[in-house]
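Architecture and fold: a report
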Amino acid sequence: PALSTPPARLPAIAPRPVDCIAIGASTGGIPALHALFAALAADIGAPILITQHLPSGFMPFLADQLTQSCGRTVQVARNGQSLNPGDIVLASGEAHLALRRIGSNVRIAFDTGQNHGPYFPAVDPMLESVAACYGEGAVAVILSGMGRDGLIGCTAIAQAGGYVLAQDSASSTVWGMPGAVARAQLARHCLPADQIGQAINKMSGTMAGAAL
């Protein structure tokens, strides 16, 4: 059963650190990503990571689609590249998207391990590494998708003091991944994808979120 219905307005969300945003999605996730980015303020400076369950050959096309829809460049991840403020990076599909921090420098570190379930790329290794690198400044977002990928990673985010948001049942094509996170009581809020974008605006204190 659904744990939430789309609210008439956003719940009260206090400002908090937003140092890295990590988004996981599968079936139904692409339209949800477009809705989220359409609502997300352009001046949010936190780097954004995206893992969408797709074969590697589709990733450049998805990156181009998201670039057009959000007006910001979306890159397909390259192993070893530095992660800088404002970057939007999409898992390549050749490996799981993960991070490694050395001092103040955070870099993409491809994870080719096969122990993250049936999905490649998987959401869990991305979220676990974001939790390790950013702690309470990590924000995890779980969008529509079947299965439970993201549950382990969201547990790590929550344990590190970060913030977890999940897409609600009513707006999800498949309420598997977000539903698993919600049932584990890891999600602070379950919202439609566009309202997740608005919630992040409010947390980060952007002008787009200040009026909501």
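Structure's up top.
How each quantity is defined
- Residues numbered from 1 in each chain as written.
- Predicted model: local features only at pLDDT ≥ 70, side-chain atom pairs only at ≥ 80, totals over all residues.
- Heavy atoms only, no water.
- Helix = DSSP H or I, 4+ residues; strand = E, 2+ residues; numbered from the N terminus.
- Rg over C-alpha atoms; globule rule 2.2 N^0.38 Å.
- Buried < 20%, exposed > 50% of the residue type's maximum accessible area, 1.4 Å probe, protein only.
- Contact = heavy atoms within 4.5 Å.
- Areas by Shrake-Rupley, 256 points an atom, 1.4 Å probe, with all protein chains shown as cover.
- Pairing = 2+ DSSP bridges.
- Axes fitted to C-alpha atoms, helices over the stretch in contact; angles between N-to-C directions.

Below, the discussion takes up the overall build of the protein. Counting secondary structure elements, the protein contains seven helices and nine strands. What you see for the protein is a C-alpha radius of gyration of 15 Å, in line with the 17 Å of a compact globule of 212 residues. Along the first, second and third principal axes, the C-alpha set of the protein runs to 40 × 35 × 35 Å. Counting over 212 residues, the protein shows a buried share of 54%. Within the protein, contacts between residues at least 6 apart in sequence are counted, and of these 73% link residues at least 24 apart. Accessible area for the protein stands at about 8700 Å²; split by element, carbon and sulfur atoms hold 54% of it.

Below, the discussion takes up the sheet that holds strand E7 (residues 138–142). In spatial order, the strands read E3-E4-E2-E1-E7-E8-E9; together these seven strands make up an open sheet with parallel pairing. If you trace the sheet from one side to the other, it starts and ends with strand E3 (74–76) and strand E9 (189–191), each paired once. Averaged over all adjacent pairs, the angle separating strand axes in this sheet is 20°, with direction ignored. Two elements, E3 and strand E4 (residues 88–90), share three bridges in a ladder whose sense is parallel. When the sheet's bridge partners are listed, Val74 is paired in E4 with Ile88. This element, helix H1 (residues 29–39), spans strand E1 (20–25), strand E2 (48–52), E4, E7 and strand E8 (163–167) of the sheet and lies at about 160° to E2. Across the face of the sheet, helix H6 (residues 193–204) comes into contact with E1, E7, E8 and E9 while running at roughly 160° to E8.

So, to be careful, I would describe these as geometric facts and stop short of saying anything about function.
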